Amino acid sequence: MPLHLEVITPERRVYEDDVDMVIAPGSEGYLGILPHHAPLFTTLGPGEFRVKKGGVEEALAVFGGFMDVRGNRVVVLTDAAEPAEEIDSRRAQEARERAQQALAAGALSAADEQRARAALQRALVRLRVTEGRRRRR
Ligand code: ATP
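Everything in this summary refers to the structure shown in the same document. Model, not experiment: these values are computed from the prediction.

Rules of the game
Residues numbered from 1 in each chain as written. Predicted model: local features only at pLDDT ≥ 70, side-chain atom pairs only at ≥ 80, totals over all residues. Heavy atoms only, no water. Helix = DSSP H or I, 4+ residues; strand = E, 2+ residues; numbered from the N terminus. Buried < 20%, exposed > 50% of the residue type's maximum accessible area, 1.4 Å probe, protein only. Contact = heavy atoms within 4.5 Å. Areas by Shrake-Rupley, 256 points an atom, 1.4 Å probe, with all protein chains shown as cover. Near = heavy atom within 4 Å. Polar contact = N/O pair within 3.5 Å; in protein donor to acceptor, adjacent residues only side chain to side chain. 1 Å grid on protein atoms, 1.4 Å probe; cavity = no way out; pocket = protein on both sides within 12 Å on 5 of 7 lines; lining within 4 Å. Sits in = over half its atoms within 2 Å of the grid points. Points joined across faces, edges and corners; volume = space filled by probe spheres on them. Nonpolar A, V, L, I, M, F, W, Y, C, P; charged D, E, K, R; others polar. Phe/Tyr/Trp six-rings, centres within 6.5 Å; stacked < 30°, edge-to-face > 60°.

This part covers the overall build of the protein chain. Check the secondary structure of the protein chain and you find 2 helices and 10 strands. For the protein chain, the spread of C-alpha atoms along the three principal axes comes to 55 × 30 × 25 Å. Within the protein chain, the fraction of its 137 residues that count as buried is 38%. Put simply, 53% of the contacts in the protein chain that link residues at least 6 apart link residues at least 24 apart. As displayed, the protein chain has an accessible area near 7900 Å², and 49% of this comes from carbon and sulfur atoms.

The following block contains the structure:
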């Protein structure tokens, strides 16, 4: 009995399939979900959302949201989810460098510093997801 996974954003259904296992970036740490998992409702942090299906692994970058596990149904509701194949790693590298330079230069307002840290975190998540894609190929 597989897990039925849906990843939904306000714009679209990013992912829907029957899968063997999910590894989700819970806000308190990564959570592995197998079929017959106990019911669970959790917030997600920004991180790598991994899906295993028939020996193949796929990854998505997710940036917060919620995950509801009930029976063998897993529903992820998030503002932003990007499948690995949609991520431009060059763009993420550039975003990482911009954020690192802004932070290193210092003299940022508290709001700008927070923005730079958030941008850096998004870039690192995207890079991790695209690096995982290469690693697994
Ligand atoms: P950048 O500084 O490169 O714009 P960002 O983190 O500021 O990155 P977001 O505000 O999170 O970008 O996203 C804006 C839009 O651009 C979203 O639709 C997001 O999916 C897309 N996006 C951002 N970075 C990438 C990337 N590296 N590859 C593909 N799409 C991306």
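The phi dihedral of His36 is positive, around 70°, even though this residue is not glycine. Within the secondary structure layout, His36 lies in the loop between strand 4 (29-33) and strand 5 (40-43). One non-glycine residue with positive phi stands out, namely Ala107, at about 55°. Relative to the elements of secondary structure, Ala107 occurs in the loop between helix 1 (89-105) and helix 2 (110-136).

By nearness alone, every residue bordering the ligand is listed as Glu82, Glu86, Ile87, Asp88, Arg91, Ala92, Ala95, Arg98, Arg122 and Arg126. In this structure, an oxygen atom belonging to the ligand sits 2.8 Å away from a side-chain N or O atom of Arg126. Within the complex, the protein chains bury 59% of what would otherwise be the 590 Å² of accessible surface of the ligand. One can see that the ligand is located within the largest pocket.

Before going further, it helps to spend a moment on the side chain of Thr9. Position of Thr9 relative to the elements: it lies in the loop between strand 1 (3-8) and strand 2 (13-19). Apart from residues no more than four positions distant in its own chain, Thr9 is found in contact with Val14, Thr78, Asp79, Ala80 and Ala81.

Under the defined criterion, the tally for this structure stands at 1 cavity of 30 Å³ or more. A per-element tally of the lining of the largest cavity places strand 7 (residues 56-63) first, with 3 residues. Residue classes in the lining of the largest cavity are distributed as 4 nonpolar, no polar and 2 charged.

On to the packing of aromatic side chains. Describing an aromatic ring pair means giving the distance of the ring centres and the angle of the ring planes. The final tally for this structure, using the stated rule, is 1 aromatic pair. Judged by centre distance (5.7 Å) and plane angle (20°), the ring pair of Phe41 and Phe66 falls under stacked. Residue Phe41 is located in strand 5, and its partner Phe66 is located in strand 8 (residues 66-70); the two are separated by 25 residues in the primary sequence. Under the relative-accessibility criterion, Phe66 is labelled partly exposed at 39%.

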